Amino acid sequence: MLPGFVHLRALAAVMEEGGVRAASKRLGISHSAISRSLSEIEAATGVAMVQRQTQGRKLELTAEGQVLGKATMAAISGLEAALRDISSPQSRNGVVIATTASFAARWLFPRMNEAEGMLDGLDVSVKVSREVAPPQAQGADLVVRMGNGPWSESRATALCNDWLLPVASPGYLRSIGPVREISRMRLLHDRDPCAQWREWLRLHGPPDADCEQGPRYNSGDILLRAAECGEGLALARLSQTRDSLNSGLLVAPFADKSISLPDSIWLIENPATARRKPVERVAQWLRKTLGNEGVWRDKRIASCG
């Protein structure tokens, strides 16, 4: 039998706060009420949820208590997201896209501004998230996700390929002189597991270059802003650097030495809203625009830098 929600909420609070006292303070109920909830869960499941250490009598969750506590925390998080979504007003023509900050800033917003009527009359909202979760768990109609795939969602479609290439500002390249040796350059890093200097140097060398030196950033957009400001050489996705390369903010000094990322950008649709006309229009626009860019690699890039 499933324990009552009030009791499960008490268990989750104990796990999050690390004890009964802090949990009771957070929930605004007495210590004894927390203890009763834990006892009710144990009675319903027939499994011990807590154990007491003899030294200091510190209450700790058992392994089973931790499993149920984590599941309860995840469920509560999902309920909170659902409540936020249903309580937030959305227009009849509203569409929500969830994606990363770097993709939103570097690809999505500029393309939405140039959509040439394909998005007219639609209210397209963007949620920034690194979470690898289905659209319905993120309160989104569509998710644009970058990675190797394939993904578990039934409505997941690979939209296009991508490429990784080193980029830097013209000013930074001038500052290091005419010799373009990567071992003399300051490498910039971000958290994208597909965009690590170790792999690029393994393929293109030199083998003795230090792939760990240089500062790190937790966002691809911040990484590229650092590169544009002359901080060093970044290894970045062509999909997110194309505009800066074409405008001259960045150049590609090793454009002939890139890494192919096949089926790298994916569209995941929310099955509950996929048939809404506004959602279908945005999905169609994403497929067309990303598909066109993914199969056409800008040959002018090879001459940059």
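Residues numbered from 1 in each chain as written. Predicted model: local features only at pLDDT ≥ 70, side-chain atom pairs only at ≥ 80, totals over all residues. Heavy atoms only, no water.

*Asks:* An account of the layout of surface pockets is requested, with residue identities and associated values reported.
*Replies:* Approximately 590 Å³ is the volume attributed to the largest pocket. What lines the largest pocket is a set of 32 residues, among which Thr100, Ser102, Arg130, Met146 and Asp192 lie closest to the centre. When residues of the lining of the largest pocket are traced back to their parent elements, those giving at least two are β3 (94–99), α5 (101–113), β5 (142–146), α8 (220–228) and β9 (233–237). Per-element tally for the lining of the largest pocket: the top contributor is β5, with four residues. Partitioning the lining of the largest pocket into residue classes produces 15 nonpolar, ten polar and seven charged. (1 Å grid on protein atoms, 1.4 Å probe; cavity = no way out; pocket = protein on both sides within 12 Å on 5 of 7 lines; lining within 4 Å. Points joined across faces, edges and corners; volume = space filled by probe spheres on them. Helix = DSSP H or I, 4+ residues; strand = E, 2+ residues; numbered from the N terminus. Nonpolar A, V, L, I, M, F, W, Y, C, P; charged D, E, K, R; others polar.)

*Asks:* Help me get a handle on the packing of helix α1 (residues 5–17) against helix α2 (residues 20–27), residues and values and all.
*Replies:* Viewed as axis vectors pointing N to C, α1 and α2 meet at an angle of 120°, and their least axial separation amounts to 8 Å. The angle between α1 and α2 places the two elements in the oblique class. For the pair α1 and α2, the crossing hand works out as right-handed. Touching Arg9, Ala10, Ala13, Val14, Glu16 and Glu17 of α1 are Val20, Ala22, Ala23, Arg26 and Leu27, all from α2. A per-class count over the contact of α1 with α2 returns seven nonpolar, no polar and four charged. (Axes fitted to C-alpha atoms, helices over the stretch in contact; angles between N-to-C directions. Parallel < 35°, antiparallel > 145°, perpendicular 65-115°, else oblique. Left-handed = near helix turned anticlockwise from the far one by under 90°. Contact = heavy atoms within 4.5 Å.)

*Asks:* Explain the nonpolar core to me, and be specific about the residues and the numbers.
*Replies:* Ranked by size, the top nonpolar core spans 22 residues in total, and within it Ile97, Phe103, Leu142, Val282 and Leu286 carry the most contacts. Put simply, the parts of the chain that give this core at least two residues each are β3, α5, β5, β6 (156–167), β10 (259–269) and α10 (277–295). Of all the elements, α10 adds the most residues to this core, at six residues. Excluding anything up to four places from it in sequence, Leu286 contacts Ile97, Trp107, Leu108, Leu142, Val144, Leu159, Leu267 and Gly291. (Core = buried A, V, L, I, M, F, W, Y, C linked by side-chain atoms within 4.5 Å. Buried < 20%, exposed > 50% of the residue type's maximum accessible area, 1.4 Å probe, protein only.)

*Asks:* Residues and numbers for the packing of aromatic side chains, please.
*Replies:* Within a pair of aromatic rings, the relevant descriptors are the distance that separates the centres and the angle that separates the planes. Tallied over the entire structure, the rule returns four aromatic pairs. Centroid distance Phe103 to Trp107: 5.2 Å. Interplanar angle 20°. Geometry classified as stacked. Of the two residues, Phe103 and Trp107 both sit in helix α5, four residues apart, roughly one turn of that helix. Taken as a pair, Phe103 and Trp107 share a single burial class, namely buried. Here Arg145 stacks its cationic end above the ring of Trp151, 4.7 Å away from the centre of that ring. (Phe/Tyr/Trp six-rings, centres within 6.5 Å; stacked < 30°, edge-to-face > 60°. Lys NZ or Arg CZ within 6 Å of the ring centre and 35° of its normal.)

*Asks:* With reference to specific residues and values, describe the side chain of Ser129.
*Replies:* Looking at the secondary structure, you find Ser129 in the loop between β4 (123–128) and β5. A distance of 3.2 Å separates polar atoms of two side chains, one belonging to Ser129 and the other to Gln138. Here Ser129 is in contact with Thr99, Thr100 and Gln138, once residues within four sequence places are set aside. (Polar contact = N/O pair within 3.5 Å; in protein donor to acceptor, adjacent residues only side chain to side chain.)

*Asks:* Could you give an account of the pattern of salt bridges, with specific residues and numbers?
*Replies:* Counting across every chain of the model gives 17 salt bridges. Residue Asp141 is joined to Arg276 by a salt bridge in which the shortest nitrogen-to-oxygen separation is 4.0 Å. Within this pair, whereas Asp141 is found in the loop between β4 and β5, its partner Arg276 is found in the loop between β10 and α10, the two being separated by 135 residues in sequence. Classification of Asp141 as buried rests on a relative accessible area of 6%. In this structure, Asp192 and Arg237 form a salt bridge, with 3.0 Å as the shortest nitrogen-oxygen distance. With Asp192 in the loop between β7 (187–190) and α7 (197–204) and Arg237 in strand β9, this residue pair connects regions lying 45 residues apart in the sequence. A relative accessible area of 5% places Arg237 in the buried class. If you follow the salt bridges from partner to partner, you end up with Arg106, Asp221, Arg225 and Glu228 in one network. (Salt bridge = Lys/Arg side-chain N within 4 Å of Asp/Glu carboxyl O.)

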